[in-house]
Amino acid sequence: LIDSANAPIFGVDTQGRVNVWNQCARKLVGYSTAEVMGYSLVKEFITKDYQASVQAVLDKALDGVETANFEFPLITKAGAR
């Protein structure tokens, strides 16, 4: 279900490294699953202006604090936002 969802879905481990990257994320951003697995979501795929806020959301999630929908730009393989 995750891989075939109509929305981009990704997961990260406790270190912030990508461990889930679904089909929609692949199509939207242009990176294959193999190209993103194990890389830092925030450092590698989030625009500089959103890195701090995305990291804060991930940190809160690790502390058990739920965040409502949170949108942020991803950097595509072509370098676009």
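See the structure printed just above.
Residues numbered from 1 in each chain as written. Predicted model: local features only at pLDDT ≥ 70, side-chain atom pairs only at ≥ 80, totals over all residues. Heavy atoms only, no water.

Some thoughts on helix H4 (residues 48-62)
Rule in force here: To qualify as a helix, a DSSP run of H or I must reach at least 4 residues; to qualify as a strand, a run of E must reach at least 2; elements of each kind are numbered from the N terminus. Expected span of a helix, by definition, is 1.5 Å for each gap between consecutive residues, and there is one gap fewer than residues. Under the scheme applied here, a residue whose accessible area is under 20% of the maximum for its type counts as buried, over 50% as exposed, and between as partly exposed, the area being computed with a 1.4 Å probe on protein chains only. Here the arc refers to the set of directions running from the helix axis out to each C-beta atom. Contacts: residue pairs with any heavy atoms within 4.5 Å of one another.
End to end, H4 covers 22 Å across 15 residues, agreeing with the expected 21 Å (1.5 Å per residue, within 8%). All buried positions along H4 are accounted for by Gln51, Val54, Val57 and Leu58. Buried residues of H4, seen end-on, are gathered within an arc of 140 degrees and therefore sit on one face of the element. Facing away from the buried surface of H4 by more than 90 degrees, the exposed residues are Asp49 and Ala52. Where H4 is buried, its residues touch strand E1 (10-12) and helix H3 (41-45). Phi turns positive, to about 90 degrees, at glycine 64, one or two residues after H4.

Let's talk about the environment of glycine 16
Here glycine 16 lies in the loop between E1 and strand E2 (18-21). Take glycine 16: its relative accessible area is 12%, and that puts it in the buried class. Expressed as a C-alpha distance, the spacing of glycine 16 and alanine 80, which sit 64 residues apart in the sequence, is 22 Å. Residues within four places of glycine 16 in sequence aside, it is in contact with Tyr39, Ser40 and Leu41.

Remarks on the packing of aromatic side chains
How two aromatic rings sit relative to each other is set out by the distance from centre to centre and by the angle between their planes. Let me state the cut-off plainly: Stacked, edge-to-face and tilted labels apply to pairs of Phe, Tyr and Trp rings (six-membered ring for Trp) whose centres lie within 6.5 Å, assigned for plane angles under 30 degrees, over 60, and everything in between, in that order.
Scanning the model with the defined rule gives five aromatic pairs in all. When the centroid spacing of 5.9 Å and the interplanar angle of 70 degrees are considered together, the rings of phenylalanine 10 and phenylalanine 72 count as edge-to-face. Note that phenylalanine 10 is positioned in strand E1 and phenylalanine 72 in the segment after H4, a separation of 62 residues in sequence. The class for phenylalanine 72 is partly exposed, based on a relative accessible area of 22%. Here tryptophan 21 and phenylalanine 45 contribute two aromatic rings whose centre-to-centre distance is 5.9 Å and whose plane-to-plane angle is 45 degrees, an arrangement assigned as tilted. On the criterion of sequence distance, the pair formed by tryptophan 21 in strand E2 and phenylalanine 45 in helix H3 is long-range, its members being 24 residues apart.

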